[in-house]
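Structure assessment
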Amino acid sequence: TDIKDVNTVALGGHRYCCIFVDEYSGEKRVYAMRRKNDLVDAALRPYLAYMKSMGHQVKLITSDRGSNYFSNNKGGETRDNGFAARLESRFSTVLKDDPFHRGIHKPIPVESHEKRAESAINELFQSADAMLFDARLSAVLWPAAVSYAAFISNRIPCLHRRLTPYEIVTGKPTDWSKIRVFGSSVVETIPNDAFKKTPGVARGRHRIFIGFANDRS
């Protein structure tokens, strides 16, 4: 897992992005946060709930000792011993106390960390930048763009397994027919319109597509 500080404050006040990358399938899950202190409630717990709904146990979560909440020195000393200790303790407590997962949180030194999550989050933000630029949309929509970039990435087949990360985690086939161009024009159907059969009455509203409400294929 890794956290990224975003210079642009998104709609809703989100300023940080947390990513979880599954070691086996390569599936990426991203969560936007308003504060770093929201990491457990806004990212860890939803991720554990998602993996539980898929029937997978999270046995180990690793994080680096980068500038987010650990220092970069070789001794592994933290910049803020109090905050780092509380964060690590809360991670471990949530994982150990979960009756389904019973996992552990292990911070890894910079020298041994493969930085897989860091590379993944940078890749997603590069894709989000391209989508926002191509759609001519504001940067305040970066949470939606990053989430949709992860949605697409999770549906790209792995060469060595010939399956998508979505298929590996959910066990369901991937349906690419639902994929749309980010920022494209869509029409929202107006529900329960009593005048839908009356000529001249609008049956829908024009909207801009920025992703799906639920993670689905």
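Check the entry above for the structure.
In this report, we go over the structure that sits alongside the text. Computed from a predicted structure; not experimentally measured. (Residues numbered from 1 in each chain as written. Predicted model: local features only at pLDDT ≥ 70, side-chain atom pairs only at ≥ 80, totals over all residues. Heavy atoms only, no water.)

So, about the nonpolar core. By size, the foremost hydrophobic cluster in this structure holds 24 residues, and its most contacted members are Trp 142 and Val 146. Mapped onto this core, the elements with two or more residues apiece are β2 (16-21), α3 (116-135) and α4 (142-153). No other element matches α3, which puts 9 residues into this core. Not counting the four nearest positions on each side in its chain, Val 146 is found in contact with Cys 17, Val 30, Leu 124, Phe 125 and Ala 128. (Core = buried A, V, L, I, M, F, W, Y, C linked by side-chain atoms within 4.5 Å. Buried < 20%, exposed > 50% of the residue type's maximum accessible area, 1.4 Å probe, protein only. Helix = DSSP H or I, 4+ residues; strand = E, 2+ residues; numbered from the N terminus. Contact = heavy atoms within 4.5 Å.)

The next thing to look at is unusual backbone geometry. Phi is positive for Arg 102, close to 55 degrees, though the residue is something other than glycine. Of note, Arg 102 is situated in the loop between α2 (81-97) and β5 (104-107). At Arg 136, a position not held by glycine, the phi torsion is positive, near 60 degrees. On the secondary structure map, Arg 136 appears in the loop between α3 and α4. Take Arg 136: its relative accessible area is 64%, and that puts it in the exposed class.

Bringing the packing of α3 against α4 into the picture now. Viewed as axis vectors pointing N to C, α3 and α4 meet at an angle of 115 degrees, and their least axial separation amounts to 8 Å. In this structure, α3 meets α4 at a crossing whose hand is right-handed. In this structure, α3 uses Leu 124, Phe 125, Ser 127, Ala 128, Met 131 and Leu 132 to contact α4, whose residues at the interface are Trp 142, Ala 145, Val 146, Tyr 148, Ala 149, Ala 150 and Ser 153. (Axes fitted to C-alpha atoms, helices over the stretch in contact; angles between N-to-C directions. Left-handed = near helix turned anticlockwise from the far one by under 90°.)

Now for the sheet that holds strand β1 (residues 2-5). Taken in spatial order, the 3 strands of this open sheet run β1-β2-β3, and their pairing is antiparallel. Looking at the sheet topology across the chains shown, the edges are occupied by β1 and β3 (28-33). With direction set aside, neighbouring strand axes in the sheet form an average angle of 20 degrees. Where β1 and β2 come together, 4 bridges link them in antiparallel fashion. (Pairing = 2+ DSSP bridges.)

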